[in-house]
Amino acid sequence: MEQTLVKFYQTGTFTVGNRLLAPEQRSVQANTQRSNSLNSGHRACQGCGEALGARYAIDAAMQATNGQLIAANATGCLEVFSTPYPETSWQMPWIHSLFGNTAAVATGIAAAMRVKGRSEVRVVAQGGDGGTTDIGFGCLSGMFERNDDVLYICYDNEAYMNTGVQRSSATPPAARTATTMPVGPHPGNEFGQGKNVPQIAMAHEIPYVATATVADLRDLEYKVKKAMSIHGARYIHIFVPCPLGWGAASHDTIRLARLAVESGVFPVFEAERGEVTGVAKIRRRVPIEDYLKPQKRFAHLFGKTPDLETIARLQARADRNIRRFGLLDS
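Residues numbered from 1 in each chain as written. Predicted model: local features only at pLDDT ≥ 70, side-chain atom pairs only at ≥ 80, totals over all residues. Heavy atoms only, no water.

S.K.: Explain the overall build of the protein to me, please; I cannot follow it from the model alone.
M.R.: If you tally the helices and strands in the protein, you get eleven helices and ten strands. Rg of the C-alpha trace for the protein: 20 Å, near the compact-globule value of 20 Å for 330 residues, within the 12% margin. Along the three orthogonal principal directions, the C-alpha set of the protein runs to about 65 × 65 × 45 Å. Here the protein holds 330 residues, and the buried ones make up 51% of them. Summed over all atoms, the accessible surface of the protein reaches about 15,800 Å², with 52% contributed by carbon and sulfur. Distance from the positive charge centre (35 side chains) to the negative charge centre (30 side chains) of the protein: 2 Å. (Helix = DSSP H or I, 4+ residues; strand = E, 2+ residues; numbered from the N terminus. Rg over C-alpha atoms; globule rule 2.2 N^0.38 Å. Buried < 20%, exposed > 50% of the residue type's maximum accessible area, 1.4 Å probe, protein only. Areas by Shrake-Rupley, 256 points an atom, 1.4 Å probe, with all protein chains shown as cover. Lys, Arg positive; Asp, Glu negative; His and termini not counted. Charge placed at Lys NZ, Arg CZ, Asp CG, Glu CD.)

Pasting the structure below:
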């Protein structure tokens, strides 16, 4: 008997397998009314996690606000590949800010809409980890402290990718970058540096903080739409692997994002007013090596003599995330 291959996802339909999904279960991208706010024609690298994350996040925000949305965008990969002068891939009101003042620009836009009586117009600020965790950190903290009515989205690819893959304060320990080379007694990025912005946002006790990855786009859409239903300062931190900077295969972007969650490297959670309200449980726990090995930025850990001590320290960090957020069912 000849076997017929069954496609689980059917392109261009509202079905999973042979089951028609109810409208409320459909992804924003599965809706023919999606805004395509970040349209085709941009110059992102093949397999770019940031392009995928931004497309889903902004379209979800557009749907939640009936298209009444303005975006402020920091300098960085997302700005560079989407708006090579005089072209743009954005089909929405979009403002390019400096590297470090995106949160302040978005705050000004929200204030202007409030003065004009345009309460239906909402504001999103977006930037990479360099513009968020480093250069724009002061403006971001100010936005949180004032509880400005802005959703800030950080697309975290863990380095300054568009300027040559330099270390940021979101770069993980032991990772190779152009400024943390794999040489010396402690190759790669140092342990004990950097900052955890989702937890810092929680310390400000703002209305909503969440993390997400491009491995679970339904979860990402849900959190963006939830954030847009809330007024005040909101922060979503999206994990977006970078094939170029990480030295990974372009087809492994989703796989790496999933492994980051399943190993405990990147905890996925929601918090309101400083309290964790929900976490994504790890369904199949994997060792840290499964996440590290596909990336050339960690290749120096797996040479002829593997650096077992450093690998163990990275595993311990992941284990701490699992304990801290209760990521495993007891």
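S.K.: Explanation requested: the UniProt feature "domain: Thiamine pyrophosphate enzyme TPP-binding" (unreviewed entry) in the protein in the structure shown.
M.R.: The positions that UniProt labels "domain: Thiamine pyrophosphate enzyme TPP-binding" (unreviewed entry) are, in the present scheme, residues 75-238. Segment residues 75-238 splits into 34% helix and 16% strand. End C-alpha atoms: 17 Å apart. (UniProt positions renumbered as here; feature names shortened; annotations may be inferred.)

S.K.: I tried to follow the layout of surface pockets on my own but got confused; where do I start?
M.R.: The probe, sized like a water molecule, is rolled over the atoms to show the empty space still left. One number sums up the size of the largest pocket: a volume of about 780 Å³. For the lining of the largest pocket, the secondary structure elements donating two or more residues are α6 (197-203), α10 (288-292) and α11 (308-325). Broken down by element, the lining of the largest pocket gets its largest block of residues, eight residues, from α11. Broken down by class, the residue content of the lining of the largest pocket amounts to 17 nonpolar, eleven polar and seven charged. (1 Å grid on protein atoms, 1.4 Å probe; cavity = no way out; pocket = protein on both sides within 12 Å on 5 of 7 lines; lining within 4 Å. Points joined across faces, edges and corners; volume = space filled by probe spheres on them. Nonpolar A, V, L, I, M, F, W, Y, C, P; charged D, E, K, R; others polar.)

S.K.: Quick question: what am I supposed to make of the sheet that holds strand β6 (residues 151-156) here?
M.R.: Strand pairing in a sheet relies on backbone hydrogen bonds. The paired strands run either parallel or antiparallel. Overall, mixed pairing links the eight strands, which are arranged β4-β3-β5-β6-β8-β7-β9-β10 in an open sheet. The open sheet has two edge strands, β4 (94-96) and β10 (275-279), and neither has a second partner. Averaged over all pairs of adjacent strands, the angle between strand axes in this sheet comes to 20°, irrespective of strand direction. Note: strand β5 (residues 122-128) against β6, five bridges, orientation parallel. Residue pairing across strands places valine 124 opposite leucine 151, the latter belonging to β6. Here helix α1 (residues 49-64) sits on the sheet in contact with β3 (69-73), β5, β6 and β8 (234-239), set at roughly 165° to β6. Lying on the sheet, helix α3 (residues 102-115) is in contact with β3, β4, β5 and β6; it crosses β3 at an angle near 155°. (Pairing = 2+ DSSP bridges. Axes fitted to C-alpha atoms, helices over the stretch in contact; angles between N-to-C directions. Contact = heavy atoms within 4.5 Å.)

S.K.: Got a minute to help me understand the pattern of salt bridges in this structure?
M.R.: Any two side chains of opposite charge can pair, on the condition that their charged atoms come close. In total, this model carries 13 salt bridges according to the counting rule given. A salt bridge links lysine 226 to glutamate 270; the shortest N-O distance between them is 3.3 Å. Placement of the pair is lysine 226 in helix α7 (residues 217-228) and glutamate 270 in strand β9 (residues 269-272), with a sequence separation of 44 residues. Under the relative-accessibility criterion, glutamate 270 is labelled buried at 10%. Close ionic contact of lysine 226 with glutamate 272 constitutes a salt bridge, the shortest N to O distance being 3.1 Å. Here glutamate 272 lies in strand β9 and lysine 226 lies in helix α7, a separation of 46 residues in the sequence. Residue glutamate 272 is classed as partly exposed on the basis of its relative accessible area, which comes to 30%. Three or more residues joined by partner-sharing salt bridges are found here, namely Arg122, Asp149 and Arg234. (Salt bridge = Lys/Arg side-chain N within 4 Å of Asp/Glu carboxyl O.)

S.K.: How do you make sense of the pairing of β9 when you look at a structure like this?
M.R.: A regular strand places its side chains so that they alternate between the two faces of the sheet. The sheet contact formed by strand β7 (residues 208-213) and β9 spans two bridges and is antiparallel. Each bridged residue has a counterpart across the sheet, and for alanine 210 the counterpart in β9 is glutamate 270. Where β9 meets β10, four bridges bridge the pair, whose relative direction is antiparallel. Looking across to β10, one finds that glutamate 270 is bridged to glycine 278. Counted along the chain from β9 to the antiparallel partner β10, the turn is two residues long, and its residue arginine 273 has a positive phi close to 55°.

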